[in-house]
Amino acid sequence: MSEVKLAADVRTSFGKGAARSIRRENKVPGVIYGHGTEPVHVTLPGHDLLLALRTPNVLLSLDIDGKTELAIPKAVQRDAIKGFLVHVDLLLVKKGEKVTVEIAVETEGDLAPGSFLVENVLNTISVEAEATHIPTSVSVSIEGLEAGAAIHAKDIKLPAGTTLATDPDAVVIQILAAQAEEPAAETEAEGAEA
């Protein structure tokens with residue numbers, strides 16, 4: 001897991017107008033909370049934060065007035081049309097602390113020969129991992145599976161130090177038989193008109 005260093009400035013102005021002026025400076029308003037401390041309202045560099053958030057569950061090392069804090073993104077708000085960052089909520093974490101996060105489920109391998117489809121019932125699963133060692137994703141092999149096969153959350157091999165927080169019996173991936181259209185019905189309808 002990569003750690004991204006960002007400089008954060010404590011902000012004292014609040015409200016819609018203050019947030020707009022912060023965004024005009026290519027910065028993002030945010031709030032840092034956790035561990036029973038008072039929330040700290042900050043301003044973060046917009047472009048650097050945008051690049052950092054491309055990594056799922058990124059660990060941010062924030063320099064706030066000379067003090068370094070570790071945080072992970074908890075909620076990210078984006079503009080619905082243009083996609084720029086509007087606001088970010090960050091959760092304070094400590095080295096060695098366990099956190100519950102969502103990680104992506106990726107498939108690898110080829111299905112058995114035939115007309116089969118892969119249905120991703122869950123695109124992510126909840127896991128508990130150390131804050132400084134959060135996996136970005138987990139791979140699941142679908143090699144040779146046929147229709148009717150299902151992979152449950154408990155069947156997924158997780159990285160060391162990571163435990164499953166999702167219901168173990170939840171279906172994550174299932175294999176379906178492809179459905180063929182029935183051209184015979186159209187042919188019968190045409191024959192009846194003649």
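See the structure above.
None of these values were measured; they are calculated from a predicted model.

Here we look at the pattern of salt bridges
So, point 1. All told, the structure shown has 3 salt bridges when counted by the stated rule.
So, point 2. A salt bridge links Glu69 to Lys67; the nearest nitrogen and oxygen atoms lie 3.3 Å apart.
So, point 3. The exposure class assigned to Glu69 is partly exposed, which follows from its relative accessible area of 21%.
So, point 4. Residue classification places Lys67 among the exposed residues on the basis of a relative accessible area of 51%.

Focus on the nonpolar core
So, point 1. In this structure, Ile125, Ile156 and Ile173 are the most contacted members of the largest nonpolar core, which totals 22 residues.
So, point 2. Secondary structure elements with two or more residues in this core: strand S5 (67–78), strand S7 (98–108), strand S9 (124–130), strand S10 (137–141) and strand S13 (171–177).
So, point 3. The dominant element in this core, judged by the number of residues it contributes, is S7, at 4 residues.
So, point 4. Other than its neighbours up to four places away in sequence, Ile173 contacts Val105, Thr107, Val118, Glu119, Asn120, Val140, Ile142, Ala149, Ala150 and Ile151.

Details of the sheet that holds strand S6 (residues 85–93)
So, point 1. Strand order in this closed barrel of 6 strands is S1-S3-S2-S6-S5-S4, and the pairing throughout is mixed. Within this sheet the neighbouring strands show an average axis-to-axis angle of 45°, counted without direction.
So, point 2. Here 7 bridges tie strand S2 (residues 27–34) to strand S3 (residues 37–45), and the two strands are oriented antiparallel to one another. Note that in S3 the partner of Gly30 across the bridge is Val42.
So, point 3. This element, helix H1 (residues 16–24), spans S2, S3 and S6 of the sheet and lies at about 120° to S2.

What about the sheet that holds strand S8 (residues 116–120)?
So, point 1. Strands sit in the order S8-S13-S11 across an open sheet of 3 strands; the sheet is antiparallel. Each end of this open sheet is capped by a strand with a single partner; those strands are S8 and strand S11 (150–152). Direction aside, neighbouring strands of the sheet carry axes that sit 10° apart on average.
So, point 2. As paired strands, S8 and S13 are joined by 5 bridges and run antiparallel to one another. Across the sheet, Asn120 pairs through a bridge with Ile173, a residue of S13.

Notes on the pairing of S5
So, point 1. Bridge analysis of strand S4 (residues 59–64) against S5 gives 5 bridges, and the strand direction is antiparallel. Its bridge partner being in S5, Ile64 is matched across the sheet by Lys67.
So, point 2. In this structure, the hairpin formed by S4 and S5 is closed by a connection of 2 residues, where Asp65 is found at a positive phi of approximately 50°.
So, point 3. As paired strands, S5 and S6 are joined by 8 bridges and run antiparallel to one another. When the bridges of S6 are listed, Ile72 appears paired with Leu91.
So, point 4. Between S5 and S6, which pair antiparallel and follow one another directly, the connecting turn spans 6 residues, one of which, Gly83, has a positive phi of 85°.

As for the pairing of strand S1 (residues 3–10)
So, point 1. Note: S1 against S4, 6 bridges, orientation parallel. By the bridge assignment, Glu3 is partnered in S4 with Leu59.
So, point 2. Alignment of S1 against S3, held across 2 bridges, turns out to be antiparallel. Within S3, the residue paired with Val10 across the bridge is Val42.

Each value, and the rule that gives it
Residues numbered from 1 in each chain as written. Predicted model: local features only at pLDDT ≥ 70, side-chain atom pairs only at ≥ 80, totals over all residues. Heavy atoms only, no water. Salt bridge = Lys/Arg side-chain N within 4 Å of Asp/Glu carboxyl O. Buried < 20%, exposed > 50% of the residue type's maximum accessible area, 1.4 Å probe, protein only. Core = buried A, V, L, I, M, F, W, Y, C linked by side-chain atoms within 4.5 Å. Helix = DSSP H or I, 4+ residues; strand = E, 2+ residues; numbered from the N terminus. Contact = heavy atoms within 4.5 Å. Pairing = 2+ DSSP bridges. Axes fitted to C-alpha atoms, helices over the stretch in contact; angles between N-to-C directions.

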